[in-house]
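# Chains, contacts and geometry: an overview
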Amino acid sequence: MQAGESMYLVQSRWWRQWQRYVSHDEYATPSSSPSMSMATSPTPSSPMGGRRVKPGPIDNTPLLESHGGLENGLENGLENGLENGRTHAEKVRLRSNLQEQYDYVIVHKSVWEALVAWYGGGPALVREVVLKGVQQVPTVEIYPLKLLVVRSSIAGRVEEVEFSSEATVGHVKTQLCKRFGLEEEEVRMWDYYHGSKYALLDQADRTLESARIMNEQKVLLEEKTNEQVEDTEEDNGDVLATSGGSTGDWLGSYSGGFKYGGFGAASEDAVIESKGQRGGLCGLSNLGNTCFMNSALQCLSHTDALVQYFSSKQYLGDINKDNPLGMGGELAKAFGALMEKLWKGGASSISPRNFKHKMARCAPQFSGYQQHDSQEFVAFLLDGLHEDLNRIKQKPYMEEKDNDCRPEEVIADEQWRYYCSRNDSIIVDNFQGQYKSTLICPVCGKHSLKFDPFMYLSLPLPSTKRVSIKVTVISTRGEAPPTKYCAQVPKQGTVDHLLGELGKLCGLKEDEALLLTEVYSGRIFKYFDDHSEALSAIKPNDILVAYRLPADKVDRAGKQYREAVIFHRKSERRKSYLSSERCEKSLFAAPLLVPLHPGSDDLDNELRHVEAAIEVALKPFVLPSEGAQHTNGAEGEMDTEETSENSARLHKSEPAYMICRTNQNGTTTEDFEVVEKSSGDVLRTIGGFFVGKPNPGIEYFALDWSNNADGKYDLELLESPRLHSSMEDALCAERDGKKPVTLQSCMECFLEEEELDKDDMWYCPKCKVHRQATKKLDLWRLPDVLVVHLKRFSFNRLWREKLDTTVDFPHDALDLSSFLNANAGKEKYIYDLYGVSNHYGSTGGGHYTAFAKLPESGKWYHFDDSRVSPVDVEEVKTQAAYLLFYQRRHSEGTEISEMEVDMLSNGV
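Residues numbered from 1 in each chain as written. Predicted model: local features only at pLDDT ≥ 70, side-chain atom pairs only at ≥ 80, totals over all residues. Heavy atoms only, no water.

A separate point is the overall build of the protein. Secondary structure assignment for the protein yields 20 helices and 45 strands. Looking at the protein residue by residue over its 908 residues, the buried ones come to 51%. In the protein, of all internal contacts separated by at least 6 residues, the share reaching a separation of at least 24 is 72%. Approximately 41800 Å² of the protein is accessible, and the part contributed by carbon and sulfur atoms is 47%. (Helix = DSSP H or I, 4+ residues; strand = E, 2+ residues; numbered from the N terminus. Buried < 20%, exposed > 50% of the residue type's maximum accessible area, 1.4 Å probe, protein only. Contact = heavy atoms within 4.5 Å. Areas by Shrake-Rupley, 256 points an atom, 1.4 Å probe, with all protein chains shown as cover.)

Structural data, given as structure tokens:
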């Protein structure tokens, strides 16, 4: 990507359907597909490979906040970019918090044009590539800045426009003046933050990002006036009249104390409200979806070591201006200035604009105003502070030694010394520990030992190691009724793991095999032919059906079996607005899948084979005669004699269904020939009629059930299969999942031995091949400040989820001594809680808050953006807890002294 290029957004769901249709890997990265040759149109593959339905027109409307006026927007052209400010922004604005891969993919212009030529649709959602951060990384700007334009000459009117955050002040001013018919020389543009003139925007080559213009922020266009007006300001902050200067003067008295003609105090974080609050109890204004940042900052700002370090100005002497991985001290200075304001006292809340700008330069992913993860923010902030404050100016090179035949203690100390010889900062001193990673080859037993540093512990909740997947198993031989099972499998497992567990639950025989499918709207939507496919591809609401088929698809004569999909259809009367009532056939329940004997030249014999296979598959659904038992056996094996008697009874009555040949979607089309009864192709059977001719390859049929079928077949069993005992176990497990889990159990889960995934295999230096090794983590060194991340979120390209399981964590005396592999009882590692970052809501957004303990008083407070309120310590434990901040106990010097609090309060 290059700056200035136009890229296009495509809804992910449509994109995945297109990938399946053209036989691309469903989970291939979208970045690879858009670069492919677009010289020829796509060709679909066989339906047996999965869901191969041709996609309809591109539909990007689910990505939009509002669909109103969309047609007019398209007619006016959505592809004009952001050059003139989007006058139709309210009509085509994207929904908030969209996520790449899950909600949309990004494609090149040439790809978009080809897709539109083939399929049509839209709307075209164009986004520019801009350069972000110190490293000037090319980035597709998904959400441009929305500006609220206020004119001094028009009372009460605010207009919305959109510009790239990398647009220059001069460009924005020129475009706005053109839009409103103003002369540029007669207008001054102001940063109108919180309804006052925060800073004059007069540096034409400065970008909106560097000018710290935020999303949905007001910008004032101050126009020259020929009248002398009294100095007033409307209560709503939208209108500014001229000051008591001479005719034609600018409104200089509204500079609000900031340096005229430049940015002055605008480069600092502003005090929004002052109520005489004590230090450490200052809120942070939400700048637009920045609650994640505010929550993290409040926890870090109550970290003893950081308060001491920044209050004493020691950080100024540690700034490393030569580190290419840092920002020359900009981030450290911005954090130091913010810490001073938070602890100075007197302010109830401040606006961290300058700090956010510096953070965005360090980590461009935080440059916009979309919701982010507080854990990711903490990780990037601590890493950025470390690079800015790294005391090592020249990093030495040390060759890593072979770890074989040496004591673990020697290897660990050696690797820690090596790491510290290149990394030495306040962050390493307090936040970083060391863990041991052991890999073992399952074939030769080769051990690989490494000792790596860590800055936080990401602990899985015990319920996230395994996942419950519900699957309905249908017998093709009619030996058992459809039964729903719940298989407990590794969350990082494969389809092979699922089929293995299902086989145990349903008592799969040696001559049988399971074919796993996904069913949607009465059709087989996908075949899981690749048993190495990750289970993460299965979404929580997917309807899964496994068919018990003969393991050997060859009969005694050595001929190959075929398979037939049998849809279920029923007639429904529907009346539309424009037409009279009509009868339509609709699909219901999961289809049957039956094996067919090899083809025959005798058409009549062939059709009888099809009918016989369907009759066998329907045996579990035949209702018994009065007083007879429906099933026989624990898993519902059918009584053959009883079934035969019932079949004879059904033969004398009106058919319960008719068999029709269909296409793969379960609909009868003109492509299928209906043969006259006289030709012998229409067969009266025990169950119903057969119409049509067979096709080679996979067959598709439908059972059109009649209205009197309920008295002969258990149609309810089709839609509501029997529940296996494992389903009750699953319900119990779900109930248990809502019970609190302890932090200790999360730690044990984190340290469990696990097998690597097949796509993450380890190269064994002894076997000289990649192996699916076992991996074991152990804690070796623990830091003074321990940040614990509770892994509540799970993401992949198809779905996302959040676990609301309550974690019972101690607010004091957390003893981790027993978890330290190298400790062996030598030292006590006991921690006290001092901060919690909370997340409320779902994965698509939600809200972050924080709990933090004031060091000198030990009292807890709730920080919700700019609002701060006291809470009881017992209120700190909630199911929203996401990040936990612990301070290790020492004999002395663990808390901020009263003298240091006074230093901060006095600005020393």
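Now for the packing of aromatic side chains. On inspection of all chains with the given rule, the structure shows 24 aromatic pairs. With a centroid separation of 5.4 Å and 80° between ring planes, the pair formed by W14 and Y119 is classed as edge-to-face. Taken together, the positions of W14 in helix α1 (residues 12–21) and Y119 in helix α4 (residues 109–119) put the pair 105 residues apart, joining distant regions of the chain. Y119 matches W14 in its accessibility class, with the two residues each being buried. Judged by centre distance (5.5 Å) and plane angle (80°), the rings of F366 and F377 are edge-to-face. Highlighted residues: F366 in the loop between α10 (353–362) and α11 (374–388) and F377 in helix α11, separated in sequence by 11 residues. What makes F377 buried here is its relative accessible area of 1%. Three or more aromatic residues joined by ring pairs form one cluster here, namely F292, Y309, F310, Y315, F335, F355, F366, F377 and F380. When the ring centre of Y829 is taken as reference, the NZ or CZ atom of R888 above it lies at 3.8 Å. (Phe/Tyr/Trp six-rings, centres within 6.5 Å; stacked < 30°, edge-to-face > 60°. Lys NZ or Arg CZ within 6 Å of the ring centre and 35° of its normal.)

Two residues of an α-helix separated by three or four positions point the same way, owing to the 3.6 residues in each turn. Between the first and last C-alpha of helix α9 (residues 330–344) there are 21 Å, a value that for 15 residues agrees with the 21 Å anticipated at 1.5 Å per step. Those residues of α9 not exposed but buried are L331, A332, A334, F335, G336, L338, M339, L342 and W343. Just downstream of α9, G345 is the residue with a positive phi angle, here 90°. (Expected span 1.5 Å × (residues − 1).)

Another point: the nonpolar core. Among the nonpolar cores identified, the biggest contains 54 residues, and L297, L306, F335, F355, F377, L381 and F431 are the most heavily contacted of them. One finds I566, A590, V622 and I659 within the second-largest nonpolar core, a separate group that totals 39 residues. (Core = buried A, V, L, I, M, F, W, Y, C linked by side-chain atoms within 4.5 Å.)

Two faces make up the sheet, and in a regular strand the side chains alternate between them. Among the 8 residues in strand β22 (residues 543–550), 7 count as buried, and that is most of the element. Pairing between strand β18 (residues 466–475) and β22: 5 bridges, direction parallel. Its bridge partner lying in β22, T472 is registered against V545. Two elements, strand β20 (residues 512–520) and β22, share 8 bridges in a ladder whose sense is antiparallel. (Pairing = 2+ DSSP bridges.)

Strand order in the open sheet formed by 6 strands is β21-β20-β22-β18-β19-β30, with mixed pairing between adjacent strands. Pairing within the sheet leaves two strands with one partner each, and these edge strands are β21 (523–527) and β30 (722–723). As paired elements, β20 and β21 share 4 bridges and run antiparallel to each other. The residue of β21 that forms the bridge with V519 is I524. On top of the sheet, helix α14 (residues 495–506) reaches β18, β19 (483–490), β20 and β22; it is set at about 135° to β19, its chief contact. (Axes fitted to C-alpha atoms, helices over the stretch in contact; angles between N-to-C directions.)

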